[in-house]
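Survey of secondary and tertiary structure
As a plain string of letters, each chain reads:
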Amino acid sequence: PELRDLSPIFGTKLTKLDVSHTGVTTLAGLDGSLLEELYMAGAPVRDLSPVRGMPRLRVLDVTGCPVESLEPLAGTRVQT
């Protein structure tokens, strides 16, 4: 729950990221990333718009997140 800032991983070649049950509130800065899997169950993320800029993302877990809209997923390759 202490993790809130993802800026140290911006620009890395991570393909899988799990920020479930952390204090991360935004995905800003992750757009353009090489992530293929992103797990954030229980994190207080509301805005999924950065997902549009994740061309390789296939798996996204938003279970228990207070997301405002799933519309940003339209047209993405997210399958799960």
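Check the entry above for the structure.
These remarks concern the structure in this document. (Residues numbered from 1 in each chain as written. Predicted model: local features only at pLDDT ≥ 70, side-chain atom pairs only at ≥ 80, totals over all residues. Heavy atoms only, no water.)

Time to look at the overall build of the protein. Counting secondary structure elements, the protein contains zero helices and three strands. For the protein, the N- to C-terminal ordering of α and β elements is β-β-β. Taken over C-alpha atoms, the radius of gyration comes to 11 Å for the protein, in line with the 12 Å a tight globule of 80 residues would show. Considering only C-alpha atoms, the protein reaches an extent of 30 × 25 × 15 Å along its principal axes. (Helix = DSSP H or I, 4+ residues; strand = E, 2+ residues; numbered from the N terminus. Rg over C-alpha atoms; globule rule 2.2 N^0.38 Å.)

A separate point is the pattern of salt bridges. Oppositely charged side chains are able to pair whenever their charged atoms sit close together. For the structure shown, the criterion picks out one salt bridge. The partner of Glu71 in a salt bridge is Arg52, with the nearest N and O atoms 2.5 Å apart. Placement of the pair is Glu71 in the segment after strand 3 (59-61) and Arg52 in the loop between strand 2 (37-39) and strand 3, with a sequence separation of 19 residues. (Salt bridge = Lys/Arg side-chain N within 4 Å of Asp/Glu carboxyl O.)

So, about the side chain of Thr22. Relative to the helices and strands, Thr22 is located in the loop between strand 1 (16-18) and strand 2. From its side chain, Thr22 meets the backbone oxygen of Val19 in a polar contact 2.6 Å long. Beyond its immediate chain neighbours, meaning those up to four positions away, Thr22 contacts Pro1, Leu3, Ala43 and Pro44. (Polar contact = N/O pair within 3.5 Å; in protein donor to acceptor, adjacent residues only side chain to side chain. Contact = heavy atoms within 4.5 Å.)

Quick look at the side chain of Ser33 now. Among the secondary structure elements, Ser33 is positioned in the loop between strand 1 and strand 2. Judged by its relative accessible area of 13%, Ser33 is buried. Among the polar contacts listed, one links the side chain of Ser33 to the backbone oxygen of Leu30, at a separation of 2.9 Å. Excluding residues that lie within four positions of it along the chain, Ser33 makes contacts with Gly53, Met54 and Pro55. (Buried < 20%, exposed > 50% of the residue type's maximum accessible area, 1.4 Å probe, protein only.)

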